[in-house]
Amino acid sequence: MRSLEDEWLFGWDDTPGIVSVWAEGDGRVVVWRRVGGELVREDVRSRPWLLLDSLDDLAHLGTRLGREGSGARFLYRELGGAGALRFVVRGDDLQTLSQAVLRGAARRLGHEVRHLRELGDERVLVLPPEEQYLVASGRTYFRGLQFDDLRRLQLDLETTGLDAKRDRIFVIAVRDPDGATEVLEARGDGDAAEAELIARLVAKVTTADPDVIENHNLHGFDLPFLDQRARTLGVPLALGRIGPPGLRQRGARRGVVAGKDTTRKVRFVIPGRELIDTLDAVLRHDFAARDLPGHGLKAVARHLGIAGAERELIRGDPRGVAARPGARAALCERRRRGGRGAGARARRRRVRARPDGTASLRAPRRCGAGDGRDRSTARARVPARRAGAARPSRR
């Protein structure tokens, strides 16, 4: 019999083969699964929710707020236990639900409240739509899949500098899910050549159709740089499996600053494809082990023993590197091997073996689990208890 702790970690829903989830704030959800090696798409619905420490900020809703089963527009349920975040509140649309809380908070505090995060973790918890769906459904990623069942792609950019507003991408290394590595080079130095290089990358990803894209510092550098250059050059960055071209954003603790709001960080995401940044795994490892000489790609690869002795080490400004005789070829070879290193680090750090021989690949902050008897609300306790939430009673 599966224990409650196993349900917390692995979820209670046994649906196998989920490789990606994309959810909108209005409850629309798309799930992609690998079934017998084939990609299957499922369109489902889920009701957005959040956790509150009290219902005071929703009192202004009057009869539009009611207990679950009442038929009210906004529904709530009180969780059991003595924790702080004890009310699960649901609505048809996440934005509408959030705005209702913000209006009530503004009345209570006597001033405008723009974001739920201004209320503090002790008063409210709201997860990204994909996590809300997984929490409420009890589903989890990669159940029943072997590591090699996933279609994985690694990429790495080489740029002329670190400022995407003025510097350029001139080399992109790509290792496709079948193991073939290709180094794409800009066929010139101007805007047109860089735009054509990015378009070739988009075509490469679309053709390979990976479930997972991997890179070291993907969220801190490569994706933000690629997004800025594509927008500057007017190249449609159609890397996702659905929706219009362009990367989407989700709030994150480790990411890049979102526009002019320096207090908020975001990560770029790609609908239909999961993103694994091996730097996340490196930081988690070193937080506990404290044994790494550094967190950079070369240092970690050497420490883990996955850097070949023939690996080319190139020092200096990339602009100078690109201009030195013979260095460009060496740089391309470094990019090619760098893609293999990122894939090896992902394999070393993201896999949890199970007794039955299958493997669970841990996707950050996206594992469904919870109480099998009270599906949507009880599953909410896993992230909620970290913020002092009440523990629901098991019935």
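In every chain, residue numbers begin from 1 and rise along the written sequence. Owing to the predicted nature of the model, reporting of local features is limited to residues with pLDDT of at least 70; listing and counting of side-chain atom pairs is limited to 80 or more, with chain, interface and lining totals taken over all residues. Calculation of side-chain values draws on the structure's entire complement of heavy atoms; hydrogens and water are dropped beforehand.

### Observations concerning the nonpolar core
We count it as follows: What we call a nonpolar core is a set of buried Ala, Val, Leu, Ile, Met, Phe, Trp, Tyr and Cys residues that are connected through their side-chain atoms within 4.5 Å. Per-residue accessibility, obtained with a 1.4 Å probe over protein chains only, is compared with the maximum for each type, and a residue is labelled buried under 20%, exposed over 50%, and partly exposed between these values. In DSSP terms, a helix is any run of H or I states spanning at least four residues, a strand is any run of E spanning at least two, and both are numbered starting from the N terminus. The contact definition used throughout considers only heavy atoms, calling two residues in contact when any of these lie within 4.5 Å.
Judged by nonpolar contacts, the single largest core of 38 residues is most densely connected at Ile-169, Ile-172, Ile-198, Leu-226, Leu-237 and Leu-239. Those elements that place two or more of their residues in this core are strand 9 (152-159), strand 10 (169-175), strand 11 (181-185), helix 4 (191-208), helix 5 (218-233), strand 13 (248-258) and strand 14 (261-269). Apart from the residues lying within four places of it in its own chain, the contact partners of Ile-169 are Leu-157, Glu-158, Thr-159, Ala-186, Glu-194, Leu-197, Ile-198, Phe-225, Leu-226 and Arg-229.

### As for the sheet that holds strand 11
For the record, the criterion: For two strands to pair, DSSP has to find at least two bridges joining them. All axes are obtained by fitting lines to C-alpha atoms, using only the stretch in contact for helices, and the reported angles, taken between N-to-C directions, cover 0 to 180 degrees.
Here five strands make up an open sheet; going across it, the order is 11-10-9-12-15 and the pairing mixed. With partners counted over all chains shown, the strands left at the sheet margins are strand 11 and strand 15 (274-277), one partner each. Strand-to-strand twist across the sheet, computed as the mean angle between neighbouring axes with direction ignored, equals 20°. Sheet topology note: the strand 12 (residues 212-215)/strand 15 ladder contains four bridges and is parallel. When the sheet's bridge partners are listed, Glu-214 is paired in strand 15 with Ile-276.

### Quick look at the pairing of strand 12
Of the two faces of strand 12, the one lined by Val-212 and Glu-214 and the one lined by Ile-213 and Asn-215 are each fully buried. Sheet analysis places strand 9 next to strand 12, joined by three bridges and oriented parallel. Across the sheet, the residue bridging to Arg-152 is Val-212, located in strand 12.

### Comments concerning the packing of aromatic side chains
In this description, an aromatic ring pair is defined by two values, namely the gap between the centres and the angle between the planes. Counted only if it meets this: In this analysis, rings of Phe, Tyr and Trp, with Trp reduced to its six-membered ring, are considered paired at centre separations within 6.5 Å, and the interplanar angle assigns stacked below 30 degrees, edge-to-face beyond 60, and tilted for intermediate values.
One pass over the structure, following the stated rule, counts three aromatic pairs. An angle of 70° between the planes, with centres 5.3 Å apart, marks the rings of Tyr-141 and Phe-142 as edge-to-face. In this structure, Tyr-141 and Phe-142 share a single accessibility class: buried. When the ring of Phe-221 is compared with that of Phe-225, the centres are 5.2 Å apart and the planes differ by 40°; the resulting orientation is tilted. A residue pair is termed a helical-turn pair when its members lie 3 or 4 positions apart in one helix, as Phe-221 and Phe-225 do in helix 5 at four residues.

### Brief notes about empty space enclosed by the protein
How we decide: Here the term cavity refers to a set of points on a 1 Å grid, laid over the protein atoms alone, in which a 1.4 Å probe fits but cannot get out; the term pocket refers to an open set having protein on both sides within 12 Å along at least five of seven lines, with lining residues being those that place an atom within 4 Å of a point. Grid points are joined across faces, edges and corners, and a volume is the space filled by probe spheres set on the points.
Going through the model one piece at a time under the given rule, you end up with five cavities of 30 Å³ or more. Lining the largest cavity, in full, are Ala-23, Glu-24, Gly-25, Gly-27, Val-29, Ser-46, Arg-47, Pro-48, Leu-94, Pro-129, Gln-132 and Tyr-133. Examining the composition of the lining of the largest cavity, we find that three residues originate from one element, helix 3 (residues 129-137), more than from any other.

### Looking at the pattern of salt bridges
Stated precisely, the cut-off is as follows: In what follows, salt bridge is the name for a side-chain nitrogen of Lys or Arg lying within 4 Å of a carboxyl oxygen of Asp or Glu.
Summed over the entire model, instances satisfying the criterion amount to 29 salt bridges. The salt bridge involving Asp-13 is made with Arg-139; its shortest N-O contact spans 3.9 Å. Of the two residues, Asp-13 sits in the loop between helix 1 (4-10) and strand 1 (18-23) while Arg-139 sits in the loop between helix 3 and strand 9, which places them 126 residues apart along the sequence. Judged by relative accessible area, which is 22%, Asp-13 ranks as partly exposed. A salt bridge links Asp-163 to Arg-166; the nearest nitrogen and oxygen atoms lie 3.0 Å apart. Under the relative-accessibility criterion, Asp-163 is labelled partly exposed at 28%. Salt bridges linked by common partners bring Arg-34, Asp-209, Asp-211, Arg-241 and Arg-273 together as one network.

### Overview of the sheet that holds strand 2 (residues 28-35)
Pairing is antiparallel in the open sheet, where three strands are placed in the order 1-2-3. Only two strands of the sheet have a single neighbouring strand rather than two, namely strand 1 and strand 3 (38-45). Here the strands of the sheet are splayed against their neighbours by 20° on average, with no regard to which way each runs. For strand 2 and strand 3, the ladder comprises eight bridges, and the chain directions are antiparallel. The partner of Val-29 across the bridge, within strand 3, is Val-44. Helix 3 rests against strand 1, strand 2 and strand 3 of the sheet, and its axis sits at about 120° to strand 1.

### What to know about the confidence of the model for the protein chain
As a reminder of what qualifies: Across the chain, each position has a pLDDT score giving the predictor's confidence in that residue, from 0 to 100.
The pLDDT averaged across the protein chain works out to 83; a share of 78% of its residues lies at or above 70. Of the regions scoring below 50 in pLDDT, residues 318-327 engages in 17 contacts with residues more than four places distant in sequence or in other chains. Per-residue pLDDT stays below 50 along residues 348-395; that stretch engages in 147 contacts with residues further than four places along the chain or on separate chains.

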